[in-house]
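Listed here are the chains, written in short residue letters.
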Amino acid sequence: QKGFIRGAYHFFVPNRDPIEQAENFCKTVKLGNGDLPPVCDFESNTTISKDKLKENIQIFLDKLQDNYGVKPIIYTNKKLYHKIFKEEFSDYNFWIAHYDTEDVDQTIENLVFWQHNKDGKLPGHAGKFDYNVFLGDEEDFNSLLIK
C-alpha cells in the first residue's frame, strides 16, 4: 500500500441482478482497515420502474455493507440524486458529479466528495482526468475509512 488510501467502485447496471453484481464485487475487491468504503456508481438511465430500481440499489448496498461492515458511498450526479436518492437513501454518504458551477451544492445532504470537473489536465498526460474534492477536514476523512 505504501501509505496510499485505496478505494473501489462498482458501476451499477440497473437491469442486471443486484445480488450477482454485489457478489462479483465482493469476490473481486478486497478492502480492509484504512480503505475507503466501497462506492456504488449509479449514472445510468433505465427502463425499470423507479420503485424497482430503488429496491435493486438497496439490495446491492445491503450486500456490500454486510460484506465490508461499512455503508457504501453512493456516486451519482446532481439530477439523479434529486430524482432517486434524496429521500430513501438519506443515511448514505454521497459523491456527486456536478460540473456546471463554481460552488458546491449545499442542498445535498451527506455530501462528502464533489467531482467538479471531468476535463482536468495533468502535466505529461494527454488524456482528461476527473477532479474531485473531499468536503471536510482530515478528521472527517479518517472517520469515513473502514475500521
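First, a word on what this report is: a plain description of the structure on this page. (Residues numbered from 1 in each chain as written. Predicted model: local features only at pLDDT ≥ 70, side-chain atom pairs only at ≥ 80, totals over all residues. Heavy atoms only, no water.)

## Things to note about the pairing of strand β5 (residues 111-120)
Reasoning step 1: Here strand β4 (residues 93-97) runs beside β5; their pairing, made up of four bridges, is parallel. Opposite Trp95, over in β5, you have Phe113 as the bridge partner.
Reasoning step 2: Pairing analysis gives five bridges linking β5 to strand β6 (residues 129-134), with the strands arranged antiparallel. Paired with Phe113 across the strands is Phe134, a residue of β6. (Pairing = 2+ DSSP bridges. Helix = DSSP H or I, 4+ residues; strand = E, 2+ residues; numbered from the N terminus.)

## Here's the deal with the pattern of salt bridges
Reasoning step 1: Going through the model one piece at a time under the given rule, you end up with four salt bridges.
Reasoning step 2: In this structure, Glu88 and Lys54 form a salt bridge, with 3.0 Å as the shortest nitrogen-oxygen distance. Here Glu88 is found in the loop between α3 (78-85) and β4, whereas its partner Lys54 is found in helix α2 (residues 50-68), with 34 residues between them in sequence.
Reasoning step 3: When its relative accessible area of 46% is taken as the criterion, Glu88 is described as partly exposed. (Salt bridge = Lys/Arg side-chain N within 4 Å of Asp/Glu carboxyl O. Buried < 20%, exposed > 50% of the residue type's maximum accessible area, 1.4 Å probe, protein only.)

## Quick look at α2
Reasoning step 1: Over its 19 residues, α2 runs 27 Å from end to end, which matches the ideal 27 Å to within 8%, given 1.5 Å per residue.
Reasoning step 2: Taken as a whole, α2 has its buried residues at Leu53, Lys54, Asn56, Ile57, Phe60, Leu61, Leu64 and Tyr68. End-on, the buried residues of α2 take up no more than an arc of 165°, which puts them together on one face. Facing away from the buried surface of α2 by more than 90 degrees, the exposed residues are Asp51 and Asp66.
Reasoning step 3: Among the structural elements, β1 (9-11), α1 (18-28), β2 (39-41), β3 (73-77) and α3 are those in contact with the buried residues of α2.
Reasoning step 4: The positive-phi residue at the C-terminal boundary of α2 is Gly69, with phi of around 75°. (Expected span 1.5 Å × (residues − 1). Arc of directions from axis to C-beta. Contact = heavy atoms within 4.5 Å.)

## Thoughts on a negative patch on the surface
Reasoning step 1: Taken together, the side chains of Asp137, Glu138, Glu139 and Asp140 make up a negatively charged region of the molecular surface.
Reasoning step 2: Inspection of the secondary structure assignment puts Asp137 in the loop between β6 and α4 (138-144).
Reasoning step 3: For Asp137, a relative accessible area of 44% translates into the label partly exposed. (Patch = residues over 30% accessible without salt bridge, like charges linked within 9 Å, V, L, I, M, F, W, Y side chains within 5 Å. Areas by Shrake-Rupley, 256 points an atom, 1.4 Å probe, with all protein chains shown as cover. Lys, Arg positive; Asp, Glu negative; His and termini not counted. Charge placed at Lys NZ, Arg CZ, Asp CG, Glu CD.)

## So, the pairing of β4
Reasoning step 1: Burial analysis of β4 places four of its five residues in the buried class, the great majority of the element.
Reasoning step 2: Two elements, β3 and β4, share five bridges in a ladder whose sense is parallel. By the bridge assignment for β4, Ile73 is matched with Asn93.
Reasoning step 3: Regarding topology, α3 serves as the crossover connection from β3 to the parallel β4, and that connection is right-handed. (Right-handed = clockwise from strand over helix to strand, strands pointing away.)

## Some thoughts on the sheet that holds β1
Reasoning step 1: Pairing in this open sheet of six strands is mixed, and the strands run β1-β2-β3-β4-β5-β6 from one edge to the other. Strands at the two margins of the open sheet, each flanked by one partner only, are β1 and β6. This sheet shows a mean twist of 25° between the axes of neighbouring strands, independent of strand direction. (Axes fitted to C-alpha atoms, helices over the stretch in contact; angles between N-to-C directions.)

## Remarks on the nonpolar core
Reasoning step 1: Core analysis: the biggest nonpolar cluster contains 28 residues, and Phe42, Ile57, Leu61, Tyr68, Phe85, Phe89 and Phe94 have the highest contact counts within it.
Reasoning step 2: Taken together, the elements giving at least two residues each to this core come down to α1, α2, α3 and β4.
Reasoning step 3: Ranked by residue count, the leading element in this core is α2, at six residues.
Reasoning step 4: For Phe85, the residues in contact, after removing those within four places along its chain, are Phe42, Ile57, Ile74, Thr76, Leu80, Ser90 and Phe94.
Reasoning step 5: Among the nonpolar cores identified, the runner-up in size contains 12 residues, and Leu36, Phe134, Leu144 and Leu145 belong to it. (Core = buried A, V, L, I, M, F, W, Y, C linked by side-chain atoms within 4.5 Å.)

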